[in-house]
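Structural characterization, general
So the chains spell out like this:
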Amino acid sequence: MNTDSTPTPDRCAYTCQVSSVNYKETFRRNVSTIVRPMPQDSLKVFWRFAVYALLGIYCASIFFFALKPLLGWPIPPLLGPVSTMLVWAFAVGHALWTLGWRRTLAFLGIAFGVGLTLEAIGVATGWVYGGYHYSPRLGPMLFRVPVLIPLSWFMVIYLAAAITERLLGGQLKTWGRTLWSCLIGAIVATAWDVVGDPQMARTGLWVWEQPGEFYGVPVHNFAGWLATSFLVLLLYRAATWNWRPQPWGPSSPLFAALPLLAYGALALSFVLGYSAQGDGALAVIAFFTMGAFTLIALASPHSSPDPPDGRG
């Protein structure tokens, strides 16, 4: 028997190879422990918390803005765009949970594409909404339209669609009911602009070339809003007609109602803001348009947590 313990080249090579394999395996286990993916349940809990948090921060920002005449505090220049991105992120997060990624991407893409196209035509020609131009304070632009604007079309119409679903109830199983839903949704979305456009124009975020009949806003603008919102909803319904909803998880009644609460919080901020400015007429309009839609939707017997998903 060979009892020679003197290392040989082959033995050294084998020992080094084994040590290398053991080292790599140990390193792999340590790294996988450190960067282990978040469990699915934990990710869902975090996602829902983030949606609630975004809505809460958004509400704080709009009420801060609404009460500025009473508080006397200066308004940060970026508060408006940041507030818009907060509610946009909330709407995207809520949509991903309730609709699934496929429907959400379709909704986002259609709203952005239609919004940018019609806004660009509107700025260039004045045909869609009347003659106007945007302030550079709204950030980077495409075709003289701030990128923030076509992004905003999604959040406005998503919240309006959620209210419409609650008002009409049930799934949209026929095209007649779908067209009716698109029209109601377009009216709910346009109510947002009826209430908000006078304030936005006052702050100079956009300028009307020829001030119109409604607090300086052309009535033509609201017809354009109706048409844009209706077209986005109709194209979304058509594109996803045969798509089954694939929600990420179940929605509690409270979580399902969050878009209504976001819309209602904005309505209340307008009521308070216009009242603080001494403009009682616009405060009344805000209450009996956006506020009324919210209250009726919340009181609707169709209170099931169905998302604005088009059809069953």
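Above this text you will find the structure in question.
This text gives an overview of the structure that appears in the document. These numbers were taken from a predicted model, which means no experiment stands behind them. (Residues numbered from 1 in each chain as written. Predicted model: local features only at pLDDT ≥ 70, side-chain atom pairs only at ≥ 80, totals over all residues. Heavy atoms only, no water.)

Points about the environment of methionine 200
Which entries qualify depends on this criterion: Under the DSSP-based scheme used, a helix requires at least four consecutive residues in state H or I and a strand at least two consecutive residues in state E, with every element numbered from the N terminus. The contact rule is simple, with two residues in contact once any of their heavy atoms fall within 4.5 Å.
Structurally, methionine 200 is set in helix α7 (residues 175–202). Sequence separation between methionine 200 and glycine 80 is 120 residues, and the spatial gap between their C-alpha atoms is 9.6 Å. Apart from the residues within four sequence positions on either side, methionine 200 is in contact with Leu205 and Trp206.

Describing the environment of proline 245
Operational definition: Burial here depends on accessible area, computed with a 1.4 Å probe over protein chains only, as a share of the maximum for the residue type. Under 20% is buried, over 50% is exposed, and the range in between is partly exposed.
Considering the arrangement of structural elements, one finds proline 245 in the loop between α8 (219–239) and α9 (253–256). What makes proline 245 partly exposed here is its relative accessible area of 23%. Put simply, proline 245 and arginine 102 are 143 residues apart on the chain and 8.9 Å apart in space, counted from C-alpha to C-alpha.

Considering the packing of α7 against α8
Our working rule: Axis definition: a line fitted to C-alpha atoms, limited for helices to the stretch in contact. Angles are taken between N-to-C directions and run from 0 to 180 degrees. Angle categories are assigned with fixed cut-offs, so that under 35 degrees is roughly parallel, over 145 is roughly antiparallel, 65 to 115 is roughly perpendicular, and the rest are oblique. What makes a crossing left-handed is the near helix being turned counterclockwise from the far one by less than a right angle; a clockwise turn instead makes it right-handed. Residues are grouped as follows: Ala, Val, Leu, Ile, Met, Phe, Trp, Tyr, Cys and Pro are nonpolar; Asp, Glu, Lys and Arg are charged; every other residue, Gly included, is polar.
Closest axis-to-axis distance for the α7/α8 pair is 8 Å, and the angle between their directions is 140°. Here α8 runs oblique to α7, going by the angle between their axes. As for how α7 packs across α8, the hand of that crossing is right-handed. Across the contact of α7 with α8, the residue classes break down as 15 nonpolar, 6 polar and 3 charged.

Comments concerning the packing of aromatic side chains
Rules: Each Phe, Tyr or Trp ring (for Trp, its six-membered ring) is paired with any other whose centre lies within 6.5 Å, and the angle between the two planes then decides the class: stacked below 30 degrees, edge-to-face above 60, tilted in between. By the criterion adopted, a ring carries a charge over it if an Arg CZ or a Lys NZ lies within 6 Å of its centre and within 35 degrees of its normal.
By the definition in use, this model includes 20 aromatic pairs. Ring geometry for phenylalanine 270 and tyrosine 274: centres 5.9 Å apart, planes at 15°, overall stacked. Of this pair, phenylalanine 270 and tyrosine 274 both sit in helix α10 (residues 258–276), 4 residues apart, which is roughly one turn of the helix. The buried category is assigned to phenylalanine 270, whose relative accessible area is 11%. Taken together, the ring pairs in this structure connect Tyr129, Tyr132, Tyr134, Trp153, Trp206, Trp208 and Trp225 into an aromatic cluster. Positioned over the ring face of phenylalanine 255 is arginine 48, at 4.7 Å from the centre of the ring. For the cation-ring pair, arginine 102 lies above tryptophan 243, with the distance from its terminal atom to the ring centre recorded as 3.9 Å.

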